[in-house]
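Each chain, written out:
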Amino acid sequence: MTVFLCSKCGTPITPELAELATVPEVVDLEHDRDKDTRRAPSTVPRSHYAIDPEPWGPSYVAQDDQHNPKPAQSRGGHVVCREKGFVISAGTRRTVLVHPDDAADLRPLPRGKNSSGCCGPAGNQGLNLACVCGAPVATLAADCFGPYELHLDPVRTYAFSP
């Protein structure tokens with residue numbers, strides 16, 4: 001079992017969690033979304049975590065194939081076009097995916113920084129949740145068009161196995 005803590009202050013962010021062997025597939029079936037929040041079921045079950053080997057969040061680079069663009073995030077969401085054309089994440093690799101309810105004490109950054117989205121934060125603008133000490137440590141993706149998951153930054157958090 002592993003607990004994730006804030007690298008700045010050492011405060012536990014999660015309870016004890018069991019590691020999953022692989023990152024679960026994103027469920028994005030319309031009939032599985034919550035009728036009120038429009039959120040998909042969480043990618044990771046409660047009391048578990050997985051290490052995502054793919055890039056997540058900013059920065060973004062132009063996609064090689066501009067004629068057949070992919071979603072900007074490897075785990076789902078929208079295709080994104082900017083000045084340089086269709087982009088794809090070149091952000092942090094090896095983020096720790098957890099069920100959002102397993103890090104319930106995290107707080108949104110001041111003034112909703114990096115939390116834009118339709119029905120919740122899209123998770124594509126960078127860290128949007130902070131530890132109780134104020135240090136940004138995680139990115140919540142909870143919008144109606146993508147996955148529902150929490151990415152703990154692998155530098156701003158660390159694992160401890162009691």
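Above this text sits the structure in question.
Q: Even after reading the chapter, I still don't get empty space enclosed by the protein, so can you show me in this structure?
A: Leftover empty space is mapped by rolling, across the atoms, a probe with the size of a water molecule. Taken as a whole, this structure holds one cavity of 30 Å³ or more when the rule is applied. If you go around the largest cavity, the residues you meet are Thr11, Pro12, Ile13, Asp105, Leu106, Cys131 and Val132.

Q: For this particular structure, what's the right way to read the nonpolar core?
A: Nonpolar side chains in soluble globular proteins generally cluster together in the buried interior. In terms of nonpolar packing, the biggest core is built from 19 residues, with Ile13, Val98, Leu106, Val137, Ala138, Leu150 and Leu152 touching the most fellow members. Counting residues per element, the ones that place at least two in this core are strand E1 (3-6), strand E7 (95-98), strand E10 (136-141) and strand E11 (149-152). By residue number, the principal contributor to this core is E10, which donates three residues. Residues Leu20, Val44, Ala50 and Leu97 belong to the second largest nonpolar core, which totals five residues.

Q: What's the story with the sheet that holds strand E2 (residues 18-19) in this structure? I'm lost.
A: Strand pairing in a sheet relies on backbone hydrogen bonds. The paired strands run either parallel or antiparallel. With respect to topology, seven strands assemble into an open sheet ordered E2-E3-E7-E11-E10-E9-E8, the strand pairing being mixed. With partners counted over all chains shown, the strands left at the sheet margins are E2 and strand E8 (107-108), one partner each. Bridge count between E7 and E11: three bridges; the pairing is antiparallel. Paired with Leu97 across the strands is His151, a residue of E11.

Q: In this structure, what is going on with the packing of aromatic side chains? I would like to understand it.
A: Two aromatic rings, taken as a pair, are described by how far apart their centres are and by the angle between their planes. A full pass over the atoms with the stated rule returns one aromatic pair. Their ring planes at 80 degrees and their centres at 4.9 Å tell us that Phe4 and Tyr49 sit as a pair that is edge-to-face. Taken as a pair, Phe4 in strand E1 and Tyr49 in strand E3 (residues 48-52) lie far apart in primary sequence, 45 residues in all. Among the residues examined, Phe4 registers a relative accessible area of 4% and is labelled buried. Between the NZ or CZ atom of Arg82 and the centre of the ring of Tyr60, over which it lies, the distance is 4.9 Å.

Q: Sorry, what's going on with the state of the cysteines here?
A: Here a disulfide denotes one covalent bond, and it connects the sulfur atoms of two cysteines. The tally for this structure, following the rule as stated, stands at zero disulfides. The thiol of Cys9 is not disulfide-bonded; the next cysteine sulfur, from Cys133, is found 3.6 Å away. On the basis of relative accessibility, which here comes to 38%, the residue Cys9 falls in the partly exposed class. Unpaired in this structure, Cys131 has its nearest cysteine sulfur neighbour in Cys9, at a distance of 3.6 Å.

Conventions used here
- Residues numbered from 1 in each chain as written.
- Predicted model: local features only at pLDDT ≥ 70, side-chain atom pairs only at ≥ 80, totals over all residues.
- Heavy atoms only, no water.
- 1 Å grid on protein atoms, 1.4 Å probe; cavity = no way out; pocket = protein on both sides within 12 Å on 5 of 7 lines; lining within 4 Å.
- Points joined across faces, edges and corners; volume = space filled by probe spheres on them.
- Core = buried A, V, L, I, M, F, W, Y, C linked by side-chain atoms within 4.5 Å.
- Buried < 20%, exposed > 50% of the residue type's maximum accessible area, 1.4 Å probe, protein only.
- Helix = DSSP H or I, 4+ residues; strand = E, 2+ residues; numbered from the N terminus.
- Pairing = 2+ DSSP bridges.
- Phe/Tyr/Trp six-rings, centres within 6.5 Å; stacked < 30°, edge-to-face > 60°.
- Lys NZ or Arg CZ within 6 Å of the ring centre and 35° of its normal.
- Disulfide = S-S within 2.5 Å.

On their own, these measurements won't tell you what the molecule is for.
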